[in-house]
Amino acid sequence: MIFCTAMALALMAGAARPVDAGAAGTCGTCHPDVRVQFERSVHAGEGASCADCHGGNPGTLEVAAAHGGRFNGRPPRRDIPLLCASCHADVARMRPYNLPTDQYALYQTSRHGQRLAAGDTRVAVCTDCHGVHEIRSPGDPASRVARRNIPQTCGRCHGDRGLMERYGKKGDPYADYLQSVHAVALLEGGNPRAAECSSCHGVHGAAPPGVGDVHRVCGHCHEPARRHFVAGPHRAALSAAGLPECAACHGNHAIVRFGDQPLERVCATCHAADGPETDLGGKMQALYTGAREEISRASGLVTQAAQVPLDVEDYEARLEEAKTYLMEALPATHSLSLDEVERFTVRARSIGEEVAAEIHEKFSNLRMRRLGLAVFWFYVLLTVAFLVGRRRRWRRESPP
Amino acid sequence: MARDGRTAGILDRCIDWLEQRLNLTEIFSALSIYGLFYSEIDTRKPLRQALRDALDRPLPSYARWPRVLGLLVVVLFVFEGLTGGLLALYYRPTAEAAHASVRTIVRDVQFGWSVHQIHRWGAQLLLAVLVLRLLRFFYGGLHRPPRELLWLVAGALFLAGTHLELSGRLLTWNSLSYWSTTRGLEVLFDVPVAGDLLALFVGGREVGDPTLLRFYVLHVLVLPLAFLGLLYLNFATVRRVGLSPEGGEPAGAGREQYRAHAYNLGILITLIFAVLVTLAVLLPAPFSSEVDLFATPAGVRPPWYLLGAYGFLEIFPAWVPRRLSATLLTALLALVAALPFLERAPAEAGRRSRRVWILGTALFVLWALFTLYGALLDLPGGGTP
């Protein structure tokens, strides 16, 4: 019923645009800027009105009457989570939208919620992340909580060094994150599955992961790496040393891809630069890069062969398989077992070598065409010589 | 020997049997229409006698190089027909399937690559021969009356040949062929009347799926038939006006029998085939990726025979309407066609008109210069020259 009315009002607004119509009701007459913001929100489309949060009487243009009754003006920050929860924790009310109702409960477990309960109103409340009047659905790319926008939304406070120093926090996690492989994938690569802040810290129950939980958090996405890490010797050693597992080598926010930088250097931050552990790191990396180069050499040959063109579909499929093995080799390095890494790199490498050898053979077959050309010309010249001979003989025999 | 005799006997009896029911000589004489035999064949005689007569037919001694260019056109055209027929067995003229079917031909079909490359090189050679022929006609004075028709037909053959190449070029439907055809058509669409007719036939000024099918019809049906018709006109004219002696050779002197000519023809065909195979093996055209309608590869330009027209149209400043410059281009083309009619009357045919020689040479040099200019336009590395 409310929805129908809102729709009818919205349609009327679209048709005639009277000043006082629309989701904001008569409030918009005196608060036009807020009305504009509110009408962009997901709430306006679902029949929520100003009075649902602010109280008062939206049916009158009399200021005293409109601001009368249970009008609360600008709700204090302390009360905002509870105010939002009055609808969003209501299971019956959220059911048609298929929305979760545990945000408020989660929020109370978060650092934000705990500090708010302790009376600190500078911490994030619902409106700091979701917006005030212009609350958009997380699926809306313009929303502050759309995946691509989350780093910036969190960064508004957590990238504010002055604010963070009051809580004894050093550094700038937002700036660090922007350098990370995750940020590049999310913001430049457009990969919507790449990790943003909430992927590791949680959404409404945001909190830093505990030291012993880091592998679980990273393991959400990096499951094979986690498996090898848990089975390997590093886990026990790192927890004994009180180091934050994955983050001990990879860093926490500025997570970079090791790529081609020497792994020994990373190992040497804890181990002796000439020790067997550092040596192992170098060997694992050599296995990986060797296999990768073999595959890229074979890929180059496949591209070259496809341009000839030769039939390369089988090679392409086999190289995909080799790349899968190579992809497995990278997480296998977390086992710190050379055999474990080699199990994958040797397969990747041998497929690359096989493909390269077979393409080379096909190329040499192509070169055989030139040899065939020489044979062909031999027969051509033979035919021409035969024809010339016949012509000469015929001329000799024929009467002048 | 006995076996040979029996085989020959069977062949003879087959010919006799057919001859009583069908005029074989008439069928054979159809070949003379396309230049295989220089003169008419008496269709009233039985086949064997007609053949013997034809082989013993005397020919002028100058029925040899370089008077083989016309025959070379026929030989190359036949090669194109044969290889084109083989390609058509696998080719599929739709935008979805064209590129994949070409890949099938050059990759999976036994010797498909060589048929494809021979077809491609044959086309280039054919066009080169057609240009050479025009030059030889003009500088040999062979365009003058009573051979004006030969000149016109030679020009029309060149136009038909370029259109065959242009339509065939698109059929491979790869990024290079698509964009060079598109750029070539941009030149052609501006030509008054002909451009509009072309746009009407192709179904618009953009190259798309319907264009591919229509170019296919043009390439395998309409244009080859037109080409054959022109070849007929060409040899019919030669039979009427005769081969022309050159360089002081007296007409009809030093007679040669036709049999020697037939051997020469055999040698010519063998060598042309060998040259095509060699080009196909040593200089194969690269196999390009499928057409991407949203990305023009760098440095794509119209095909070489349209570069002259392209360069000519591009040299005008932007405020000159394309229609005007294209009309001027058409007028120049008409001037080329009119060259023989500007020569002196047949009575003075012994001497050439100096003015026509200068005009023709100027037109040719202009064409060469504009082709060079068109080739240098928008090079991938830099801007305009």
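In case you missed it, the structure is sitting above this.
Residues numbered from 1 in each chain as written. Chains lettered and ligands numbered in written order. Predicted model: local features only at pLDDT ≥ 70, side-chain atom pairs only at ≥ 80, totals over all residues. Heavy atoms only, no water.

1. A word on the packing of aromatic side chains
- With the rule as written, the count across this model stands at 14 aromatic pairs over all chains.
- Each ring, one from Phe-378 of chain A and one from Tyr-379 of chain A, has its centre 5.4 Å from the other, and the planes form 75 degrees; the classification is edge-to-face.
- Considering the side-chain rings of Tyr-139 of chain B and Trp-357 of chain B, the 5.9 Å spacing of their centres and the 80 degrees angle between planes classify their relative orientation as edge-to-face. You can see Tyr-139 of chain B sitting in helix 6 (residues 112-139) and its partner Trp-357 of chain B sitting in helix 14 (residues 354-376), a full 218 residues away along the chain.
- By relative accessible area, Trp-357 of chain B is classed as partly exposed at 39%.
- Sitting above the plane of the Trp-121 of chain B ring, Arg-120 of chain B keeps its charged end 5.7 Å from the centroid. (Phe/Tyr/Trp six-rings, centres within 6.5 Å; stacked < 30°, edge-to-face > 60°. Helix = DSSP H or I, 4+ residues; strand = E, 2+ residues; numbered from the N terminus. Buried < 20%, exposed > 50% of the residue type's maximum accessible area, 1.4 Å probe, protein only. Lys NZ or Arg CZ within 6 Å of the ring centre and 35° of its normal.)

2. Considering the interface of chain A and chain B
- Each side of the interface is counted separately: chain A has 23 residues, and chain B has 23 residues.
- Summed over both sides, the interface of chain A with chain B buries roughly 2,100 Å², with 68% coming from carbon and sulfur.
- When the buried surface of chain A facing chain B is broken down by residue, Pro-309, Arg-369 and Trp-394 of chain A rank first, second and third, together holding 28% of it.
- The partner of Arg-107 of chain B in a salt bridge is Asp-311 of chain A, and the shortest N-O contact between them spans 3.7 Å. (Contact = heavy atoms within 4.5 Å. Buried area = accessible area lost by both parts, 1.4 Å probe. Salt bridge = Lys/Arg side-chain N within 4 Å of Asp/Glu carboxyl O.)

3. Side note on unusual backbone geometry
- With omega at 0 degrees, the peptide bond leading from Val-308 of chain A into Pro-309 of chain A counts as cis.
- Within the secondary structure, Pro-309 of chain A sits in the loop between helix 22 (276-307) and helix 23 (313-332).
- The backbone phi angle of Val-193 of chain B is positive, close to 60 degrees, even though this residue is not glycine.
- Structurally, Val-193 of chain B is set in the loop between helix 8 (175-189) and helix 9 (194-202).

4. Concerning the environment of Cys-221 of chain A
Residue and element names in this part refer to chain A.
- Relative to the helices and strands, Cys-221 is located in the loop between helix 17 (214-219) and helix 18 (223-231).
- On the accessibility criterion, Cys-221 (55% relative accessible area) is exposed.
- Through-space distance from the C-alpha of Cys-221 to that of Ser-199 is 9.4 Å; in sequence the pair is 22 residues apart.

5. Some details on the side chain of Ser-175 of chain B
All names here are of chain B.
- Summarising the element assignment, Ser-175 is placed in helix 8.
- Since its relative accessible area comes to 10%, Ser-175 is described here as buried.
- For Ser-175, the residues in contact, after removing those within four places along its chain, are Ser-288, Ser-289, Glu-290, Val-291 and Pro-297.

6. Here we look at the packing of helix 12 (residues 304-314) of chain B against helix 13 (residues 322-342) of chain B
All names here are of chain B.
- One way to put it is that helix 12 packs onto helix 13 with a least axis distance of 9 Å and a crossing angle of 135 degrees. Taken as axis vectors, helix 12 and helix 13 run oblique relative to one another. Note that helix 12 runs across helix 13; the crossing there is right-handed. Two secondary-structure elements touch here, helix 12 through Ala-309, Phe-312, Leu-313 and Glu-314 and helix 13 through Arg-322, Ser-325, Ala-326, Leu-328, Leu-329 and Leu-332.
- The class makeup of the residues in the contact of helix 12 with helix 13 is 7 nonpolar, 1 polar and 2 charged. (Axes fitted to C-alpha atoms, helices over the stretch in contact; angles between N-to-C directions. Parallel < 35°, antiparallel > 145°, perpendicular 65-115°, else oblique. Left-handed = near helix turned anticlockwise from the far one by under 90°. Nonpolar A, V, L, I, M, F, W, Y, C, P; charged D, E, K, R; others polar.)

7. Let's talk about the packing of helix 5 (residues 98-108) of chain B against helix 6 of chain B
All names here are of chain B.
- Helix 6 packs onto helix 5 with a crossing angle of 115 degrees between their chain directions and a minimal axis gap of 5 Å. Overall, the two elements helix 5 and helix 6 adopt an arrangement that is roughly perpendicular. Here helix 5 contributes Val-102, Ile-105 and Val-106 to the contact with helix 6, which in turn contributes Gly-112, Trp-113 and His-116.
- Across the contact of helix 5 with helix 6, the residue classes break down as 4 nonpolar, 2 polar and no charged.

8. Some remarks on a nonpolar patch on the surface
- Taken together, the side chains of Leu-213, Val-217, Val-220, Leu-221, Val-222, Leu-225 and Leu-228 of chain B make up a nonpolar region of the molecular surface, amounting to roughly 560 Å² of accessible area.
- By secondary structure assignment, the location of Leu-228 of chain B is in helix 10 (residues 209-241). (Patch = residues over 30% accessible without salt bridge, like charges linked within 9 Å, V, L, I, M, F, W, Y side chains within 5 Å. Areas by Shrake-Rupley, 256 points an atom, 1.4 Å probe, with all protein chains shown as cover.)

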